[in-house]
Amino acid sequence: MAAFDKIEGLSDDLKLVDVYVDEYLRDESGHTALRSVLNTITTGGGKKVRPLVLLLSGRFGPKWPKCRDQLCKMGATVEMIHTASLIHDDIVDDSPLRRGRPTVQSKFGKEMAVYAGDFVLSRIVFYLFKEASIEAGMLLAKTVESMCYGEIGQYAHAYDTKVTVEDYLSNIFGKTASLFVAACGIGAMESGCGEKTSMILRQVGEHIGYLFQLRDDLLNIISTGDREGKPVHSDFINGTYTLPILHALHHPSGHRLREVIHTIGSGAAVSDCIKEEIQDILNSSRGIEFTRETIRCHAEQAGELLSSLPEGPARQGFYEILDRLTAD
Ligand code: FPP
Ligand code: MG
């Protein structure tokens, strides 16, 4: 976070986001199990990228810095939506680890993880009403709806070799980009940005969201070992065909990849030999280069949009995010 430290007050704002997350998720029931789960969630150490884009967006409007506290509250809400979605995602994926730590579902059981995700959602709704953020509340409800569509779309296409790039992009918009759009939109709204600035910020959020998921998907293919507890090629093994794979499937040599998919069947362990074969197919179809190019393209478009916004630390902060997400 070193470069962000240079942005006046930003690290204090991010700390305040954490304070609100802790406050919003405090246990009032006395259930020991719930208390342990909440303790795990609030000390999980996420990167807080979504609150970050919200806080940066909130520096472009005339209400800044008066709206500072409200931005931190909304940042906490957005982070909690992300947290709830990951708790549920880990149940669906049966993931043992997240960010290198045991997931809620592996540590406390699937039942407790379902309840914990629901509990976090209930607190989000409560605090959105309490802070009288009706517009932000409606926007976030619609965003969770989009996230569900993205996940359902991905699930519906599991192991489907006919899934299109458009299907994939629509799913990653829903599951990931939509929350970035909402975060930037809420920052703009709370700080009183005009419609033009707000639209630019939402579009920047959309590009960041796309490249965030594209990068995550790419790293699952090119990493040399487990990444944050997620084994290399686990998306492919679990039937989620991401952009490098889709590019290869639609390449003239796509039949080779279809054969590999047919051979391994669903959810089966994949030998090193098959992994090498996948890598070979990806190399010849240039699926990895194509994905890197797509990532660059989103970063460039976000950069261009940002160039029409006033120069200053907030804009610099966005450029820094883009640099980090395109660094590897
Ligand atoms: C992780 O993606 C998952 C998401 C980005 C979204 C999950 C969304 C839902 C479960 C629906 C919304 C639900 C709630 C409770 C708000 P990934 O599996 O590609 O990434 P990973 O490698 O981090 O697991
Ligand atoms: Mg997952």
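Refer to the preceding data block for the structure.
Residues numbered from 1 in each chain as written. Chains lettered and ligands numbered in written order. Predicted model: local features only at pLDDT ≥ 70, side-chain atom pairs only at ≥ 80, totals over all residues. Heavy atoms only, no water.

A. Here's a closer look at the overall build of the chain. Along its length, the chain carries 16 helices and 2 strands. Radius of gyration (C-alpha) of the chain: 20 Å, near the 20 Å computed for a compact globule of 328 residues. Overall size of the chain, expressed as C-alpha extent along the three principal axes, is 60 × 50 × 35 Å. Looking at the chain residue by residue over its 328 residues, the buried ones come to 51%. Considering only contacts within the chain whose residues lie at least 6 apart along the sequence, 75% involve residues at least 24 apart. When the accessible surface of the chain is split by element, carbon and sulfur atoms take 55% of a total near 15500 Å². The average position of the 35 basic charges and that of the 45 acidic charges among the side chains of the chain differ by 4 Å. (Helix = DSSP H or I, 4+ residues; strand = E, 2+ residues; numbered from the N terminus. Rg over C-alpha atoms; globule rule 2.2 N^0.38 Å. Buried < 20%, exposed > 50% of the residue type's maximum accessible area, 1.4 Å probe, protein only. Contact = heavy atoms within 4.5 Å. Areas by Shrake-Rupley, 256 points an atom, 1.4 Å probe, with all protein chains shown as cover. Lys, Arg positive; Asp, Glu negative; His and termini not counted. Charge placed at Lys NZ, Arg CZ, Asp CG, Glu CD.)

B. View of the coordination of the magnesium ion (ligand 2). At the metal site, the magnesium ion (ligand 2) is ligated by Asp-89 (OD) and Asp-93 (OD), and these contacts range over 2.1 to 2.2 Å. Separated by 4 residues within a single helix, Asp-89 and Asp-93 lie in helix α5 (residues 68-93), roughly one turn from each other. Residue classification places Asp-89 among the buried positions, given a relative accessible area of 16%. (Donors = N, O, S within 2.8 Å, 3.2 Å for Na, K, Ca; no water.)

C. Quick peek at the side chain of Glu-131. You can see Glu-131 is positioned in the loop between α7 (110-130) and α8 (134-156). Side-chain polar atoms of Glu-131 contact the side chain of Lys-73, separated by 3.3 Å. (Polar contact = N/O pair within 3.5 Å; in protein donor to acceptor, adjacent residues only side chain to side chain.)

D. Layout of the site of ligand 1. Taken together, 17 residues form the shell around ligand 1, and within it Asp-89, Arg-98, Lys-175, Gln-213 and Lys-230 come nearest. Here Asp-216 contributes a side-chain N or O atom positioned 3.5 Å from an oxygen atom of ligand 1. Elements represented by at least two residues in the shell around ligand 1 include exactly α5, α8, α9 (165-190) and α10 (195-222). When the residues that make up the shell around ligand 1 are grouped by side-chain class, the tally is 6 nonpolar, 4 polar and 7 charged. (Near = heavy atom within 4 Å. Nonpolar A, V, L, I, M, F, W, Y, C, P; charged D, E, K, R; others polar.)

E. Examining a nonpolar patch on the surface more closely. Judged by side-chain polarity, Val-125, Phe-129, Ile-134 and Met-138 come together as a nonpolar surface patch covering roughly 440 Å² of accessible area. Considering the arrangement of structural elements, one finds Val-125 in helix α7. For Val-125, a relative accessible area of 44% puts it in the partly exposed group. (Patch = residues over 30% accessible without salt bridge, like charges linked within 9 Å, V, L, I, M, F, W, Y side chains within 5 Å. Salt bridge = Lys/Arg side-chain N within 4 Å of Asp/Glu carboxyl O.)

F. View of the pattern of salt bridges. On inspection of all chains with the given rule, the structure shows 18 salt bridges. A salt bridge links Arg-35 to Asp-27; the shortest N-O distance between them is 3.1 Å. You can call Arg-35 partly exposed: its relative accessible area is 49%. The class for Asp-27 is buried, based on a relative accessible area of 15%. Between Lys-73 and Glu-131 there is a salt bridge, with the nearest N and O atoms lying 3.3 Å from each other. With a gap of 58 residues between them, Lys-73 in helix α5 and Glu-131 in the loop between α7 and α8 connect regions that are remote in the sequence. Among the residues examined, Lys-73 registers a relative accessible area of 14% and is labelled buried. Look at Glu-131 and you get buried, because its relative accessible area is 18%.

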